[in-house]
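# Coordinate analysis (summary)
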Amino acid sequence: NDHVLIGKLLKNYWKPVYCYLIRLGYNNEEAKDLTQAFFHEVVLGRGLFQRADKAQGRFRTFLLVALKRYVTNVRDKEFAQKRIQKSMLVPLDMVDESGFNALRTELTPEDSYQYVWVSSLLEQVLEQVKDDCYKDGKVSHWHLFCERILGPIIDKTDPPAMDELCSKYRIKDHPTASNMIVTVKRRFRVALMNHLRNLVSSDDEVNAELEEIMQFLPRIAQDHI
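As a starting point, this report considers the structure included with it. Quick caveat: nothing in here was measured; it's all calculated off a predicted structure.

### Observations regarding the overall build of the protein
- Summing up its helical and strand segments, the protein has 12 helices and 0 strands in all.
- Reading the secondary structure of the protein in the N-to-C direction produces α-α-α-α-α-α-α-α-α-α-α-α.
- Among the 225 residues that make up the protein, the fraction classed as buried is 44%.
- Look at the contacts in the protein between residues 6 or more apart in sequence, and 68% of them connect residues 24 or more apart.
- Here the protein has roughly 12,500 Å² of accessible surface; of this, 49% comes from carbon and sulfur atoms.

Given below as structure tokens:
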């Protein structure tokens, strides 16, 4: 139904849309209102998702074109609010723009949109890999991956020594620990590729998506995908 559809679309795309609007100069409340108005009126109201043809391009690119057109027709916050009743608003997960302040000066609105989409995608992939590791009894595998690979990438710090990790998780030697990390890295790549295949219609487009993702990752992260 409509509620399920709008919920799914918001989950996957609201952050890129929101951050695009923030980067254009809208404040937090304005960006939230415009994001929800855009999804209700254009994406859902005009059947944008159903009209998007995978063969004609990736949905997020299609969505960005529609968003640009929508913004040109919105003069101010009040105009957007008239188009959507408050009772229809879908709560957004994040209401504080402080975490996106860096996007104001470092990236263009378009790059902000793409960057946040990539970040959201990777969050979903990592959550899936974590859940799979826990279900398969590979909790130590996951924690090793987080401490040796993921944490240093996110925090921009040096990875902890393998001796320290082996001692912490009672792993007999470095090769065993390395193999455990490789297991999670492989799961991550498989999960990422599966997510990408669900978004496009050909292997060529999967590779194009992967190349685009790489552009928004630091070099150290690229070496581990």
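After that view of the structure, there is still more to cover.
### With respect to helix H10 (residues 174-197)
- The end-to-end C-alpha distance of H10, which contains 24 residues, comes to 35 Å, matching closely the 34 Å that a straight helix rising 1.5 Å per residue would cover.
- Every buried residue belonging to H10 is among Ala177, Met180, Ile181, Val184, Phe188, Ala191, Leu192, Met193, His195 and Leu196, and all of these are buried.
- Looking at the buried side of H10, the elements it contacts are helix H7 (109-135), helix H8 (139-155), helix H9 (162-168) and helix H11 (203-215).

### Overview of the environment of Asn12
- Turning to its location among the elements, Asn12 is positioned in helix H1 (residues 2-24).
- Between the C-alpha atoms of Asn12 and Leu121, which are 109 residues apart in sequence, the distance is 7.8 Å.
- Apart from residues lying up to four places away in sequence, Asn12 is in contact with Trp117 and Gln124.

### What about the packing of helix H4 (residues 59-72) against H7?
- As a packed pair, H4 and H7 sit with axes 12 Å apart at the nearest point and diverge in direction by 140°. Judged by the inter-axis angle, H4 sits oblique to H7. Judged by the twist between their axes, the crossing of H4 over H7 is right-handed. Contacts from Arg60, Leu63, Leu64 and Lys68 in H4 reach Glu110, Tyr113, Gln114 and Trp117 in H7.
- Classifying every residue of the contact of H4 with H7 by side-chain character gives 4 nonpolar, 1 polar and 3 charged.

### Examining the packing of aromatic side chains
- Evaluated as defined, the whole model comprises 4 aromatic pairs.
- Geometrically, the ring pair formed by Phe38 and Phe39 is edge-to-face, given 5.7 Å between the ring centres and 75° between the ring planes. For the pair formed by Phe38 and Phe39, the shared burial category is buried.
- Residues Trp142 and Phe145 carry aromatic rings whose centres are separated by 5.7 Å and whose planes lie at 40° to one another, so their mutual orientation is tilted. A residue pair is termed a helical-turn pair when its members lie 3 or 4 positions apart in one helix, as Trp142 and Phe145 do in helix H8 at 3 residues.
- Trp142 sits in the buried class, given a relative accessible area of 7%.
- In textbook terms, an aromatic cluster arises when at least three aromatic residues are bridged by ring pairs, as seen for Phe38, Phe39 and Tyr70.
- Over the ring of Trp117 we find Arg60; its NZ or CZ atom is 3.9 Å from the centre of that ring.

### Comments concerning the nonpolar core
- Leu21, Phe38, Phe39, Leu192 and Leu196 are the most contacted members of the largest nonpolar core, which has 64 residues in total.
- At the level of secondary structure, the elements contributing two or more residues to this core comprise H1, helix H2 (28-44), H4, H7, H8, H9, H10 and H11.
- Setting aside anything within four residues of it in sequence, one finds Leu196 in contact with Trp117, Leu121, Val206, Glu209, Leu210 and Ile213.

Criteria and cut-off values
Residues numbered from 1 in each chain as written. Predicted model: local features only at pLDDT ≥ 70, side-chain atom pairs only at ≥ 80, totals over all residues. Heavy atoms only, no water. Helix = DSSP H or I, 4+ residues; strand = E, 2+ residues; numbered from the N terminus. Buried < 20%, exposed > 50% of the residue type's maximum accessible area, 1.4 Å probe, protein only. Contact = heavy atoms within 4.5 Å. Areas by Shrake-Rupley, 256 points an atom, 1.4 Å probe, with all protein chains shown as cover. Expected span 1.5 Å × (residues − 1). Axes fitted to C-alpha atoms, helices over the stretch in contact; angles between N-to-C directions. Parallel < 35°, antiparallel > 145°, perpendicular 65-115°, else oblique. Left-handed = near helix turned anticlockwise from the far one by under 90°. Nonpolar A, V, L, I, M, F, W, Y, C, P; charged D, E, K, R; others polar. Phe/Tyr/Trp six-rings, centres within 6.5 Å; stacked < 30°, edge-to-face > 60°. Lys NZ or Arg CZ within 6 Å of the ring centre and 35° of its normal. Core = buried A, V, L, I, M, F, W, Y, C linked by side-chain atoms within 4.5 Å.

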